[in-house]
Amino acid sequence: MGLHKLTKYFAFVISFLVILMYHHEVILSPNSFLFGDYFDGLKNYYTPLYHILFDESYSRFGGMNYPNGEQIVFADAQPLISAIIKFISTNIVDISSYTVGILNFLMFLSIPISALILSAVFERLKVGGWKNILASVFLALLAPQIFRISGHYALAYSFVIPLVIWFWLWQQQKPSYKKDLVIGFSITFISLIHFYFFALMAFGSALAHLVNFLTPKRPLPKQFFFSFLGQIVLPFFLLQVWLALTDSVTDRPNSPYGFLAYRAFWESIFLPVGKPLGTFINHNITQIRDVSWEGIAYAGLPASLFTVFYLVSLPFKKIRFKGNGQMLSFNIAAVLLLLFAMGFPFLLNLQWLVDYTGPLKQFRGIGRFGWIFYYAINIACFLWIFKRHWSKFWQSVLFYGLVISAMIYEVNVVHSKPFYQQNSSAGLYQKNTIVNANEFDAILPIPYFHTGSENIWYGPEGSAILKYSFETSIQTGLPILGVQMSRTSLSQTISNLKLVYNQDSIPPTISLEGNYLLVKEKNFEPSGFLNSIYSQAYLITSNEDFELLQISGQEIADLTQPDFQNKESLTTILFNDFEELASSKTYNKSKGALEASMNQYTKLFEYKANDSAQTVLVTFQYYLNQDVNPTVQIIEEKLNPQNEVTSYNSFPVFQKIKYMGNWAKIEFKTTISKGEKLQVNLQKNSSKPRKIWVDELRVFQVN
């Protein structure tokens, strides 16, 4: 085997040695560290570990959302990797106690694997030797996905997009149906690490095929059809069949938050935001606007300068690409995906189109599509660098010296300071010697947390309850009544949260025959029904951070108050239902409730404090159990005698829930100055026609 055949392996070894030099502590002892121990970072260790240790099914996750559980994809438990570890642990040798270490090591191992694949890409583009190694190693070490090691572990496998590019060149060199199937099945399996990989791989491949089909040297329609069928339709179909067979939920959110909020900006692509050079630019040259972390996919200094030079040179045709024509099709696709990552065409007053993007709308972090551009622009940049000829040797040395120096500087900036936490993993592996898990059904966390429905968020900020709950769950094997997942069923969310809001009946998630382990943060003072539960529970043990208590389902049932919702101590009613509303003609009555369009301003009432300042209590029934409905805004406007708005306040309906159900009781207070007029409206922008329902409006005078 000649040295040129070893190029890929040199790239792998060199990049591995570089990351070992910078990150030797965690690479040599990967099972000892948690790269994140808060919210997503901790949850994304907990879900695969619990699944491997305690779940009987490979497709279902039972660690949260008790008693319903969840389909493994929505737990973000890296289904493919979890399944492999689980199978080996169950049937060959138990490696489950090394799950954290395996995940940590795989994230870092993906960097040299990425270098190996990129080297293979450059080989297909006729770049070999030291130039191949140089480009492959630097691109792998600076990949934007590396920063996902801080918490979004399933997205940190940076070899995925280089593999897409290699697949593209491999298939285009000599198209065949077998290659289409290999690519299609590969996309399917890699998507089982994280569904975003399906979006990146399938959309990138589909757009490249479409661009290629529109070129003068287009493939035959039959070839284009089978490539599209094998590489995009097949994996989509297989993944959907698997979900249909393993998931019975029918009311997952269709409009997750953040589609345009988590987009890329030109600054997040071409400027080193958050890095020393970016700070220097921000302080001394021009202010860099705030950009979403999700949209950062910095191309690097050489590629950024190359892009500027290319755009300036376009009118003069100073830069011409004579390399692989099929790579040009992929590059055009990458540019189109970058525009999409930046929010186009939606930002051209076409936001309404978002509601009509179908499954694409589920991939709300559209800034991540900028990752594909990172590789495309850098490959184009290095091809131009390597094909450039200098008349004098010293010019070549100077030019390559500047390029290599810039890349070494940026590698050092990225890797010299850890971009992840280095917390001890001991808490997850600590043996439980106090609680007999067989005596309990599930863990009830206090404060309670519920995140993932995209409709209702519930949980305290700055609390360590996730950490305590997850550690106790792993130590005991008990599932948790709380939720920290994705796309959770809205009806299940409403059912779960009755535990927090309602006191008139036993919550559906609590069994009369059950026994529950309370994990309570010590410095947290619960309120409402949770306070009643906590006060009645028996203390098992405590430390300086949290308490463990127990309570039975029957004891929880005994705490309920059947007349809880009907207690009414205020008697001065300013408005009673909608009878006195002058704007009632704007409502359409349906089944006794008032029906209105979500997109339009719906005036609930208008009231003027003529004689003195007043505090009023507003209550009404609101239909929650429909996607988006809980996020409709309650809008308070206060106007002076000249009818000028003096105060404007808005908040989502779900933040003011007093009583939980499909029909929820909404309650809030507000103060009106003397002579001031209060208007309360409901509204949320929605391109699709959506209805809301309101009933039993009451407005009380508090003082």
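See above for the structure.
What you see as residue numbers is a count from 1 along each chain, following the sequence as written. Per-residue local features of the predicted model are confined to residues with pLDDT of at least 70, and side-chain atom pairs are confined, for both listing and counting, to 80 or more; whole-chain, interface and lining totals are unaffected and use all residues. Here the side-chain values reflect all heavy atoms present in the structure, with hydrogen atoms and water set aside.

### Some points on the packing of aromatic side chains
Let me state the cut-off plainly: Working definition: rings of Phe, Tyr and Trp (its six-membered ring) pair if their centres are within 6.5 Å, and the pair is stacked with planes under 30 degrees apart, edge-to-face with planes over 60 apart, and tilted otherwise. Comment: elements are numbered from the N terminus, with helices defined as DSSP H or I runs of at least four residues and strands as E runs of at least two. Only protein chains enter the calculation, and the probe is 1.4 Å; a residue is then buried if its accessible area is under 20% of its type maximum, exposed if over 50%, and partly exposed in between. Two limits define a charge over a ring: the Lys NZ or Arg CZ must be within 6 Å of the ring centre, and within 35 degrees of the ring normal.
Tallied over the entire structure, the rule returns 47 aromatic pairs. Judged by centre distance (5.8 Å) and plane angle (45°), the ring pair of Phe-306 and Trp-384 falls under tilted. With Phe-306 in helix 12 (residues 301-313) and Trp-384 in helix 14 (residues 370-387), this residue pair connects regions lying 78 residues apart in the sequence. For the residue pair Phe-306 and Trp-384, the accessibility class agrees, reading buried in each case. Plain terms: the ring middles of Tyr-448 and Tyr-458 are 6.3 Å apart, the flat faces sit at 50° to each other, and that makes the pair tilted. One end of the pair, Tyr-448, is in the loop between strand 5 (442-446) and strand 6 (450-451); the other, Tyr-458, is in the loop between strand 6 and helix 17 (465-476), and 10 residues separate them in sequence. Judged by its relative accessible area of 1%, Tyr-448 is buried. Among the aromatic residues, those joined into a ring-pair cluster are Trp-130, Phe-306, Phe-309, Tyr-310, Phe-382, Trp-384, Phe-386, Phe-399 and Tyr-400. It is Arg-252 that lies over the ring of Phe-74; its NZ or CZ is 3.8 Å from the centre.

### Quick notes on the packing of helix 5 (residues 129-141) against helix 15 (residues 393-415)
So the rule is basically this: Simply put, an axis is a line fit to the C-alpha atoms, just over the touching stretch for a helix, and the angle between two N-to-C directions goes from 0 to 180 degrees. These descriptions rest on fixed angle ranges, namely under 35 degrees for roughly parallel, over 145 for roughly antiparallel, 65 to 115 for roughly perpendicular, and the rest for oblique. Crossing handedness: left-handed means the near helix sits turned counterclockwise from the far one by under a right angle, and right-handed means the same turn made clockwise. Whether two residues touch is decided by their heavy atoms; if any such pair falls within 4.5 Å, the residues are in contact. By the convention adopted, Pro, Cys, Tyr, Trp, Phe, Met, Ile, Leu, Val and Ala count as nonpolar, Lys, Arg, Asp and Glu as charged, and the other residues, Gly among them, as polar.
Running from N to C, helix 5 and helix 15 cross one another at 30°; their axes reach a closest spacing of 10 Å. It follows from the interaxial angle that helix 5 and helix 15 lie roughly parallel. Read as a crossing pair, helix 5 and helix 15 show a hand that is left-handed. Across from Trp-130, Lys-131, Leu-134, Phe-138 and Leu-141 in helix 5, the residues of helix 15 making contact are Tyr-400, Ile-404, Met-407, Ile-408, Val-411, Val-414 and His-415. Classifying every residue of the contact of helix 5 with helix 15 gives 10 nonpolar, 1 polar and 1 charged.

### Quick look at the side chain of Thr-476
The line we're drawing: Within 3.5 Å is the distance limit for a polar contact, defined as a pair of N or O atoms, with the added protein rule that one can donate a hydrogen and the other accept it, and that residues adjacent in sequence qualify only through two side-chain atoms.
Secondary-structure assignment places Thr-476 in helix 17. In this structure the side chain of Thr-476 is engaged in a polar contact, spanning 2.7 Å, whose partner is the backbone oxygen of Thr-472. Those residues in contact with Thr-476 that sit more than four places away from it in its chain are Asn-432, Ala-437 and Ile-443.

### Observations concerning the environment of Ile-146
Assignment of secondary structure puts Ile-146 in the loop between helix 5 and helix 6 (160-173). Taking the relative accessible area as the measure of exposure, Ile-146 reaches 1% and is therefore buried. Spatially, the C-alpha atoms of Ile-146 and Pro-253 are 29 Å apart, while their sequence positions differ by 107 residues. Leaving out residues up to four positions away in the same chain, Ile-146 has contacts with Ile-111, Ala-140, Leu-141, His-415 and Phe-419.

### Concerning the pattern of salt bridges
Where charged atoms of side chains with opposite charge meet at close range, the side chains can pair. Operational definition: Each reported salt bridge corresponds to a side-chain nitrogen of Lys or Arg within 4 Å of a carboxyl oxygen of Asp or Glu.
Taken as a whole and judged by the stated rule, the model has 12 salt bridges. Glu-471 serves as the salt-bridge partner of Lys-467, at 3.0 Å between the closest nitrogen and oxygen. On the criterion of helical spacing, the pair formed by Lys-467 and Glu-471 is a turn pair, its members being 4 residues apart in helix 17. By relative accessible area, Lys-467 is classed as partly exposed at 25%. Connected via shared salt-bridge partners are Arg-60, Glu-70, Asp-247 and Arg-252.

### Describing unusual backbone geometry
Looking along the chain, the bond that leaves Tyr-66 and enters Pro-67 is cis, with omega of 5°. With respect to the secondary-structure elements, Pro-67 resides in the loop between strand 2 (60-61) and strand 3 (70-71). Cis geometry marks the peptide bond from Ile-446 to Pro-447; its omega dihedral reads 10°. One can find Pro-447 in the loop between strand 5 and strand 6.

### Some thoughts on the side chain of His-194
Assignment of secondary structure puts His-194 in the loop between helix 7 (177-191) and helix 8 (196-213). What makes His-194 buried here is its relative accessible area of 17%. Of note is the side chain of His-194, whose polar atom sits 3.1 Å from the backbone nitrogen of Tyr-196. If we skip the residues at most four places from it in the chain, His-194 touches Asp-76, Ala-154 and Leu-155.

### Overview of the sheet that holds strand 16 (residues 633-639)
Quick reminder of the rule: One requirement defines pairing of two strands: DSSP has to find at least two bridges between them.
The sheet built from 4 strands is open, its strands ordered 14-20-16-17 with antiparallel pairing. Looking along the sheet, the strands with just one partner apiece sit at the ends: strand 14 (602-608) and strand 17 (645-652). Across the sheet, the mean angle from the axis of one strand to that of its neighbour is 15°, orientation sign disregarded.

### Quick notes on a nonpolar patch on the surface
Where we set the bar: Patches were defined on residues exceeding 30% relative accessible area and lacking a salt bridge, with like-charge contacts within 9 Å and nonpolar side-chain contacts (Val, Leu, Ile, Met, Phe, Trp, Tyr) within 5 Å. The protein chains shown are the only cover counted for residues, whose accessible areas, like all others here, come from Shrake-Rupley with a 1.4 Å probe.
Taken together, the side chains of Leu-328, Ile-332, Val-335, Leu-336, Leu-339, Phe-344 and Leu-348 define a hydrophobic patch exposed on the protein surface, amounting to about 570 Å² of accessible area. The topology assignment puts Ile-332 in helix 13 (residues 325-341).

### Structural notes on empty space enclosed by the protein
Heads up, the condition is: Method remark: on a 1 Å grid restricted to protein atoms, a set of points is classed as a cavity if a 1.4 Å probe fits but cannot get out and as a pocket if it is open with protein on both sides within 12 Å along at least five of seven lines; lining residues have an atom within 4 Å of a point. Grid points are joined across faces, edges and corners, and a volume is the space filled by probe spheres set on the points.
Counted according to the given criterion, the structure contains 3 cavities of 30 Å³ or more. Taken as a whole, the largest cavity holds about 240 Å³ of empty space. Around the largest cavity sit 22 residues that line it, and Leu-142, Lys-275, Tyr-298, Glu-410 and Val-414 are the ones nearest its centre. Among the secondary structure elements, those contributing two or more residues to the lining of the largest cavity are helix 5, helix 11 (276-284), helix 14 and helix 15. Of the residues assigned to the lining of the largest cavity, the class counts are 18 nonpolar, 2 polar and 2 charged. Of the voids in this model, the second largest cavity is the one considered here, and its volume is about 70 Å³.

### Some details on the pairing of strand 19 (residues 663-672)
In this structure, strand 15 (residues 614-623) lies alongside strand 19, joined through 10 bridges in antiparallel fashion. Looking at strand 19, one finds that Tyr-623 is bridged to Trp-663. Inspection of the sheet shows strand 18 (residues 657-659) paired to strand 19 by 2 bridges, in the antiparallel sense. Within strand 19, the residue paired with Tyr-659 across the bridge is Lys-665. Hairpin connection from strand 18 to strand 19: 3 residues lie between these consecutive antiparallel strands.

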